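One letter stands for each residue in the lines below.
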Amino acid sequence: MEAPMARGSGVRDRIRALFLANIGKVLTRQDIIAASRDPATGVEPENWHQRLSELRTDEGYTIWAARDSADLRPGEYMMPHAERREAAARRVRPTPGAWRTVLERAGDRCEWNEAGETCGLQAGDVDPVGGGRVKLTPDHKSPHSVDPNSDPNDPDAWQALCGRHQVTKKNYWDNATGKLNVTAIVQAAGARDKEAAFQLLLDYFGYRRLADGDIVRR
């Protein structure tokens, strides 16, 4: 589809304007990227997905993705209305001194660690998976949805992540405690995985589904 181009002073402004001009309409990843490009240079920002996430978390807009609606396919998004929820506390950022300490600790590389393997992409590298130049950004070790007020002066409360792993992490994992945010994981799962998780819980708690869909204890 041809979505109208949105203009604004920043990437988030342009994405917000795009959605507000298309309430109830399906927008694609390509539509959002086109709207988020710098209007003067045409440069595509690597962090457009982070700005999209901030519209949900910081500004309280409802924006559905495929995980939220069976009518949407992967890479499709929709703002069903322009009403805003009471937003979470504004995201804090580490102080310049704390961020310098984080970058020194990280060696100017992404600190994402999964199963003992560190990402290690350096600022300015080309991301071999997501493409684009790597820009390291500060990330709460505890997800924003769990603790939006990480101490900006404490380098140990922060880690340096590349754009791809900022998105991968979302609000699923609390690096400070090692605990999973199970609710967020289930919400983000597709319909098939939700069904599998539901069946697992039925089995775990000793329930079964009848042919008419009713739930009864075994």
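Our structure is the block above this text.
1. Some words on the packing of helix α1 (residues 11–20) against helix α3 (residues 48–57)
Item 1. Axis separation between α1 and α3 bottoms out at 9 Å; the angle between their running directions is 60°. Considering the angle they form, α1 stands oblique to α3. Every pair of crossing elements has a handedness; the one defined by α1 and α3 is right-handed. Residue-level contacts link Val11, Arg12, Ile15, Arg16 and Phe19 of α1 to Trp48, Arg51, Leu52, Glu54 and Leu55 of α3.

2. Section: the nonpolar core
Item 1. Of all hydrophobic cores here, the largest spans 16 residues; its most connected members are Ile15, Phe19, Ile32, Trp48, Leu52, Ile63 and Tyr77.
Item 2. Among the elements of the structure, α1, α2 (29–36) and α3 are those that each provide at least two residues to this core.
Item 3. Of all the elements, α1 adds the most residues to this core, at four residues.
Item 4. With residues near it in sequence (within four places) discarded, isoleucine 32 still touches Ile15, Leu18, Phe19, Trp48, Leu52 and Tyr77.

3. Structural notes on the pattern of salt bridges
Item 1. Here the structure, examined in full by the defined rule, presents ten salt bridges.
Item 2. Here glutamate 54 and arginine 51 are joined by a salt bridge, their closest N and O atoms 2.6 Å apart. With glutamate 54 and arginine 51 both in helix α3 and three residues apart, the pair spans about one turn of that helix. The exposure classification of glutamate 54 matches that of arginine 51, with both residues buried.
Item 3. We note a salt bridge from arginine 105 to glutamate 111, for which the minimum N-O separation is 2.9 Å.
Item 4. You can call arginine 105 partly exposed: its relative accessible area is 36%.
Item 5. Several salt bridges share partner residues, and in doing so they unite Arg12, Asp13, Arg16, Arg51, Glu54 and Glu59 into one network.

4. Focus: unusual backbone geometry
Item 1. You will see that aspartate 108, though not glycine, has its phi angle at about 55°, which is positive.
Item 2. Position of aspartate 108 among the secondary structure elements: in the loop between α4 (96–106) and β3 (113–114).

5. Focus: a nonpolar patch on the surface
Item 1. A contiguous nonpolar patch, built from Leu200, Leu201, Tyr204 and Phe205 and spanning about 480 Å² of accessible area, is present on the exposed surface.
Item 2. With respect to the element layout, phenylalanine 205 can be found in helix α7 (residues 191–205).

6. Observations concerning the environment of arginine 67
Item 1. Along the chain, arginine 67 turns up in the loop between α3 and β2 (76–77).
Item 2. Under the relative-accessibility criterion, arginine 67 is labelled partly exposed at 28%.
Item 3. When the C-alpha positions of arginine 67 and tyrosine 77 are compared, they lie 9.9 Å apart, and in sequence the two are ten residues distant.

Criteria and thresholds
- Residues numbered from 1 in each chain as written.
- Predicted model: local features only at pLDDT ≥ 70, side-chain atom pairs only at ≥ 80, totals over all residues.
- Heavy atoms only, no water.
- Axes fitted to C-alpha atoms, helices over the stretch in contact; angles between N-to-C directions.
- Helix = DSSP H or I, 4+ residues; strand = E, 2+ residues; numbered from the N terminus.
- Parallel < 35°, antiparallel > 145°, perpendicular 65-115°, else oblique.
- Left-handed = near helix turned anticlockwise from the far one by under 90°.
- Contact = heavy atoms within 4.5 Å.
- Core = buried A, V, L, I, M, F, W, Y, C linked by side-chain atoms within 4.5 Å.
- Buried < 20%, exposed > 50% of the residue type's maximum accessible area, 1.4 Å probe, protein only.
- Salt bridge = Lys/Arg side-chain N within 4 Å of Asp/Glu carboxyl O.
- Patch = residues over 30% accessible without salt bridge, like charges linked within 9 Å, V, L, I, M, F, W, Y side chains within 5 Å.
- Areas by Shrake-Rupley, 256 points an atom, 1.4 Å probe, with all protein chains shown as cover.

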